[in-house]
Amino acid sequence: MDPAPDRSLKILILEDEPTDAELVERTLRKAGLKIVVERTATGRGFAEALDKFKPDIILADYKLPDFDGLAAVKLVRKKDPELPVIAVSGFIGDQAAVELIRAGANDYVLKDRLARLPSAVQRAMAETEGRRERKRAEEALRESEVKLRESEAMYRSLVAAMAEGVVFQAASGDVIATNPAAARILGGPSERRLFGLKSDTVPWPCIREDGTPFPAESHPSMVTLRTGQPQQDVVMGLCQPDRAPTWISINSQPLLFAGETAPHAVVTTFHDITGRKQAERALHRLNRTLRTLSAADAAVVRATTEQELLDEMCRIGVEFGGYRLAWIGFVEHDEAKSIRPVAWAGEHPEFVQTANITWADTERGRGPTGTAIRTGEVQINQDVATNPNMLPWRADMLRYGFNACITLPLKNKSEVFGSVAFYASEQDAFGPEEVVLLKELAGDLAFGISARRDRAGHEAALSVVQENLKSTVQAIAAAVEMRDVYTAGHQRRVADLAVAIARAIGLTEEQIEGVFLAGLIHDVGKINVPAEILSKPGKLTPLEFQMVQTHAQTGYDIVKGIKFPWPVAQAILQHHERLDGSGYPNHLKGEDILIEAKILAVADVVDAMVSHRPYRAGLGLDAALAEIEAGKNRIYDPAAVDACVALFRQKGFKFS
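Source: prediction; values computed, not measured.

Participant: Can you walk me through the sheet that holds strand E8 (residues 206-207) in this structure?
Facilitator: Within a sheet, neighbouring strands are paired by backbone hydrogen bonds and run either parallel or antiparallel to one another. Strand order across the open sheet formed by six strands is E7-E6-E11-E10-E9-E8, with antiparallel pairing between neighbours. Edge strands, defined here as strands with exactly one partner in the open sheet, are strand E7 (175-178) and E8. Of the pairings in the sheet, the one linking strand E9 (residues 231-238) to strand E10 (residues 246-255) comprises six bridges and is antiparallel in character. Residue glycine 237 lies in a different strand from E10, and its bridge partner there is tryptophan 247. Along the sheet, helix H9 (residues 220-227) contacts strand E6 (165-170), E9, E10 and strand E11 (265-272); its crossing angle with E10, the most-contacted strand, is approximately 20°.

Participant: In this structure, what is going on with the layout of surface pockets? I would like to understand it.
Facilitator: Left-over empty space is what a probe sized like a water molecule reveals as it rolls over the atoms. For the second largest pocket, the calculated volume is near 2,100 Å³. As for the second largest pocket, its lining consists of 44 residues, of which Ile101, Ala105, Asn106, Arg276 and Glu280 are closest to the centre. Secondary-structure elements contributing two or more residues to the lining of the second largest pocket are helix H4 (94-103), strand E5 (107-110), helix H5 (117-145), E9, E10, E11 and helix H10 (274-302). A total of ten residues in the lining of the second largest pocket trace back to one element, the largest contributor, which is H5.

Participant: Where do I start with the pattern of salt bridges in this structure?
Facilitator: If the charged atoms of two oppositely charged side chains come close together, the side chains can form a pair. In the structure shown here, the tally under the stated rule is 29 salt bridges. Of the charged contacts, one joins glutamate 312 and arginine 302 as a salt bridge, the two residues approaching to 4.0 Å between their closest N and O atoms. Within this pair, whereas glutamate 312 is found in helix H11 (residues 306-319), its partner arginine 302 is found in helix H10, the two being separated by ten residues in sequence. Here glutamate 591 and lysine 598 are joined by a salt bridge, their closest N and O atoms 3.8 Å apart. Overlapping salt bridges bring together Glu15, Asp20, Asp61 and Lys111 as one network.

Participant: What's the story with the pairing of E6 in this structure? I'm lost.
Facilitator: Put simply, side chains in a regular strand alternate between the two faces of the sheet. Of all six residues in E6, six are buried, a share of seventy percent or more. Here E6 shows a buried face lined by Gly165, Val167 and Gln169 and a second buried face lined by Val166, Phe168 and Ala170. Relative to E11, E6 runs antiparallel, the two sharing six bridges. In the sheet register, phenylalanine 168 faces E11, and the bridge partner there is valine 267. By the bridge criterion, three bridges tie E6 to E7 in an arrangement that is antiparallel. Within the sheet, the bridge partner assigned to glutamine 169 lies in E7 and is valine 175.

Participant: I'm lost on the packing of aromatic side chains in this one. Help?
Facilitator: For any pair of aromatic rings, the description rests on two quantities: the centre-to-centre distance and the angle between the ring planes. One pass over the structure, following the stated rule, counts twelve aromatic pairs. When the ring of tyrosine 323 is compared with that of phenylalanine 430, the centres are 5.9 Å apart and the planes differ by 25°; the resulting orientation is stacked. Remark: phenylalanine 430 occurs in the loop between strand E16 (416-424) and helix H15 (432-452) and tyrosine 323 occurs in the loop between H11 and strand E12 (325-331); sequence separation between them is 107 residues. Of the two residues, tyrosine 323 and phenylalanine 430, neither departs from the other in class, the shared state being buried. Taking the centre distance of 5.9 Å and the plane angle of 65° together, the rings of phenylalanine 330 and phenylalanine 417 count as edge-to-face. In this pair, phenylalanine 330 sits in strand E12 while phenylalanine 417 sits in strand E16, placing the two residues 87 residues apart along the sequence. Through a chain of ring-to-ring contacts, three or more aromatic side chains come together here, namely Phe351, Tyr400, Phe402 and Tyr423. Of note, arginine 208 hangs over the ring of phenylalanine 214, and the distance from its end group to the ring centre comes to 4.6 Å. One residue, arginine 399, lies across the ring of tyrosine 400, its end atom 5.0 Å from the ring centre.

Cut-offs applied
- Residues numbered from 1 in each chain as written.
- Predicted model: local features only at pLDDT ≥ 70, side-chain atom pairs only at ≥ 80, totals over all residues.
- Heavy atoms only, no water.
- Pairing = 2+ DSSP bridges.
- Helix = DSSP H or I, 4+ residues; strand = E, 2+ residues; numbered from the N terminus.
- Contact = heavy atoms within 4.5 Å.
- Axes fitted to C-alpha atoms, helices over the stretch in contact; angles between N-to-C directions.
- 1 Å grid on protein atoms, 1.4 Å probe; cavity = no way out; pocket = protein on both sides within 12 Å on 5 of 7 lines; lining within 4 Å.
- Points joined across faces, edges and corners; volume = space filled by probe spheres on them.
- Salt bridge = Lys/Arg side-chain N within 4 Å of Asp/Glu carboxyl O.
- Buried < 20%, exposed > 50% of the residue type's maximum accessible area, 1.4 Å probe, protein only.
- Phe/Tyr/Trp six-rings, centres within 6.5 Å; stacked < 30°, edge-to-face > 60°.
- Lys NZ or Arg CZ within 6 Å of the ring centre and 35° of its normal.

The quantities given are spatial measurements derived from coordinates; they are silent on function.
Structure, rendered in structure tokens:
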């Protein structure tokens, strides 16, 4: 049960770091929540607390030394399927988050986003109470069946007051009772019109989450009537004319008199989850557009000709963006103010050739493309069927499955010279975040086109992208070093020394650039290591040292998706490998290790020994050089060692 208004909310915190638990508790109290908190850090303590403390809600860290959030969720679901659980973690990947939710977690909150926690707790408690209320209502309905005749008035009143839709069907499948919420959620038919319908004769098609038809015989109520088994949380989309699908979550329960084995009726309850589905689709579209933008940026760099760039952008819009059609048109300054298609990809490209779109202020120029070119502003059409400006093309677009579109102007420094358009299969396909990213894509495309019209354009485009990558690297480096004051500046010093070594042994300037960037963020993976371990003044435990060792692989995982023209990610992954195979994470040997990583290894060791650490003072330059000379040929690259020693002893190199 939820706590009464005058009773404190009992919260069980599964957390091995007392400071983190205190921060969670302080955040909740600051938000005005009246709470009683108990903390445990072990699986055994957690199980005991469930029985003795009897919490109202659980806040569980995802990773603990001998237990984890996923195991906690599974244990809770065995003991109490309704008890809400929120994962509170410093870092959690998409796959782990999905696994937690599937296991039964109500939500997850990152520790650097604790401002979300109070609302997440309140929402989880409200949702839990909602589910319990529904179960109580369903149980009340079943218990009331025996006394249906004498309590019918009260029973109908209860059903009518429910926010969820409720439908009763006889053994024949005919609807025999319903409530106002059912008619409201189903969006149109009155309660009276629902009477006598069967699940296999509803006046609108139903679909599954993947868009395929939902067969009438698979409707939860029909399955329950046929098998006598309840059906829970079945998701179905109701497709009604001239509107987006209404998504509902359905539960069906058999009604049995004492001694019956086959249900004489079934009660189906359902609630509208369209808002949740829309949010999920918006997130999917946003991620899809991010992938599209990343691929488009790469195309701006790789394409060698303007036409190759145009064709590649259209292909990326279809293959990465999931749009049904993408096309690019250039402005013609003829009498008709026509728009000349120059590239396209996707379904029904014949539409582009026959659309006869102009940028004149006429009927065929007031659609999204003509208006975007004429005004220089993005034009969004969320519903082809209802937008009056789409009338000249509506029949063809709907026949081809184009239900929404967006057109973005292509501009140079002085004028709009073209447009890029994307056509989607669903209405309301372009959310505000997606539009922002598509604007950036159009800007990159316009820049790439303009650059290629200049003989030096390709190099300019490459320079812009590379400078952006460098800025990204520097931002990442700053974020890492802000977490650990003892190693502030370490990555920059390693980068400077690595560059000097690389230049001394004859690497090309292009390779040296890669060495510098890798050096700047070679410890980026430490962002996933608890700060208290990084700054611990004493000796690390074996488990803590293993956590520190994960930073090479974590750094690689963070950076691998950025398309550097240098092997930055691999250099980060390998900078703790050693020639004899004694390094980590993959125990590479000799020539299997990149030269960039070999250089970083030497520079990293020298700066680490010279610099002060929480657990010791700096050991001095002589000790550092003696260390790398002792390991020369065995664990450190000999050329890198010789170059490093010469830089300090003969050329006067100093850390800035």
